[in-house]
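The chain contents come next:
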Amino acid sequence: MSKHALIVGATGITGSNLAQHLLAKGGWSVSGLSRSVSPIDGVDTLRCDLADPDSVRGALAGVRPSHVFITAWSRQATEAENCRVNGAIVRNVLDALAGRGIRHAALVTGTKHYLGPFEAYAKTAPETPFREEQPRLPNENFYYVQEDEVFAAAKREQFTWSVHRPHTLIGYAVGNAMNMAATLAVYASICKETGMPFVFPGSPQQWQAATDVTDARLLARHLAWAATTPAAADQAYNVVNGEIFRWRWLWPRLANYFGIEAAEYPGGPDSLEAKMADAEPVWDRLVKARGLQPNSLSRVASFWHTDADLGREVETFNDMGRSRKLGFLDYQDTIESFTDAFDRLRADRVIP
């Protein structure tokens, strides 16, 4: 049976890696729903404003996907607005496709399911490792609203669903808020250029505690697996690389890639957003001197998001037992998650 994927947010770090995986796998046609045109050959871009139901309905007129992958979100000023806008994104897409025979809808959320929204981020959290059956936190959380939209539509339309909860996403992407690899690559490049010490910017807890990350390529494989494995239907899943590490172990290894020394950890947070507030002229000089793509600093790096990830004051890592029991056994080396992304950013002249 032919498979037609509709990827909502096809130009983001998750959506672009998923599109590449499905096209390489074969047996899939891929449409991408997004504001901008996907640069990936083989993706049929359907442009719209995801928050506007009329725009979504128009873009999806006549489209009959078998599988829907919802990977998009839009950051708002408050969690109440996050809930309103991001819940509407899911609802707009699934309402526009009502009655068209969807077989499966997959939703990508994340570890904020266990840590809470940015307004109350990591203030309370369940014990590690995080497990899918742990109850929702009492806070407002747009992930919960998005899940409920999927559950309601699946019940109405009689399709199966899956929810995927990656940890910090690592992979190739430019202009994506969640891309820690690009952010740390820019930070290291500026340190090398200026002699600024390459200091781990996060909390003592993140420096010392066990943690994990999610390679965007592994997430893509997990999405395809859950969407096409009957036994995996109607479940939520954590999705991580499959190994645990400590940042105090990883940080000098990342420094080594860039040919710099890892500075001694100062014992407390050293915000990247504050440290890089005046770094735009340095980056612009680097771009010109090294013949890089003419990207602004804010397009390549998202210092605020990496500060949030590395500034947590609780231990965060995830159990993968549910996926393992159902047959998803993929593993990804975490150092290679970073260095593969760095290699590609260099090859594409995004970083020096």
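Reference entry: report on the structure contained in this document. (Residues numbered from 1 in each chain as written. Predicted model: local features only at pLDDT ≥ 70, side-chain atom pairs only at ≥ 80, totals over all residues. Heavy atoms only, no water.)

### Section: helix 11 (residues 280-290)
Since the α-helix packs 3.6 residues into each turn, any two residues three or four apart lie on the same face. Looking only at helix 11, the buried set comprises Val282, Trp283, Leu286 and Val287. One side of helix 11 carries all its buried residues, which in axial view fall inside an arc of 140°. Those residues of helix 11 that are exposed and aimed more than 90 degrees away from the buried face are Arg285, Lys288 and Ala289. Buried residues in helix 11 make contact with helix 6 (180-194) and helix 12 (297-300). Directly after helix 11, the chain includes Gly291, whose backbone phi takes a positive value near 65°. (Buried < 20%, exposed > 50% of the residue type's maximum accessible area, 1.4 Å probe, protein only. Helix = DSSP H or I, 4+ residues; strand = E, 2+ residues; numbered from the N terminus. Arc of directions from axis to C-beta. Contact = heavy atoms within 4.5 Å.)

### Thoughts on the nonpolar core
If you look at the biggest cluster of nonpolar residues, it comprises 47 residues, and the most contacted ones within it are Trp247, Trp283 and Phe338. Those elements giving two or more residues to this core turn out to be helix 6, helix 9 (247-257), helix 11, helix 12, helix 13 (303-310) and helix 15 (334-347). Here this core takes 10 residues from helix 6, the largest share from any one element. The residues contacting Trp247, other than those within four sequence positions of it, are Met180, Leu184, Phe200, Gln206, Trp207, Thr211, Pro252, Leu254, Leu310 and Phe338. In this structure, Leu22, Ala106, Leu219 and Met320 belong to the second largest nonpolar core, which totals 31 residues. (Core = buried A, V, L, I, M, F, W, Y, C linked by side-chain atoms within 4.5 Å.)

### Quick word on the environment of Val85
Mapped onto the fold, Val85 is located in helix 3 (residues 79-96). Residue Val85 is classed as buried on the basis of its relative accessible area, which comes to 10%. Sequence-distant contacts of Val85, defined by excluding residues within four places in its chain, comprise Ser74 and Gln76.

### Examining the packing of aromatic side chains
In the structure shown here, the tally under the stated rule is 23 aromatic pairs. A centroid spacing of 5.1 Å and a plane angle of 50° characterise the contact between Tyr257 and Phe342, whose relative ring orientation is tilted. Remark: Phe342 occurs in helix 15 and Tyr257 occurs in helix 9; sequence separation between them is 85 residues. With respect to class, Tyr257 is no different from Phe342; both count as buried. Counting every residue linked through ring pairs, the aromatic cluster contains Tyr187, Phe198, Phe200, Trp207, Phe245, Trp247, Trp251, Tyr257, Phe258, Tyr265, Phe338 and Phe342. The side chain of Arg75 reaches across the aromatic face of Phe118, ending 5.4 Å from its centre. Taking NZ or CZ as reference, Arg75 lies 3.7 Å from the ring centre of Trp304, over its face. (Phe/Tyr/Trp six-rings, centres within 6.5 Å; stacked < 30°, edge-to-face > 60°. Lys NZ or Arg CZ within 6 Å of the ring centre and 35° of its normal.)

### Considering the sheet that holds strand 2 (residues 28-34)
An order of 3-2-1-4-5-6-9 is seen for the seven strands of this open sheet, with the pairing classed as parallel. Every other strand in the sheet has two partners, leaving strand 3 (43-47) and strand 9 (235-239) as the edge strands with one partner each. Direction aside, the axes of adjacent strands within the sheet are offset by 20° on average. As defined by bridge partners, strand 5 (residues 104-108) adjoins strand 6 (residues 160-166) across five bridges and the pair is classed as parallel. Looking at strand 6, one finds that Val108 is bridged to His164. Packed onto the sheet, helix 3 meets strand 1 (3-8), strand 2, strand 4 (67-70) and strand 5 and runs at close to 165° relative to strand 4. (Pairing = 2+ DSSP bridges. Axes fitted to C-alpha atoms, helices over the stretch in contact; angles between N-to-C directions.)

The values reported here are purely geometric and, on their own, carry no functional implication.
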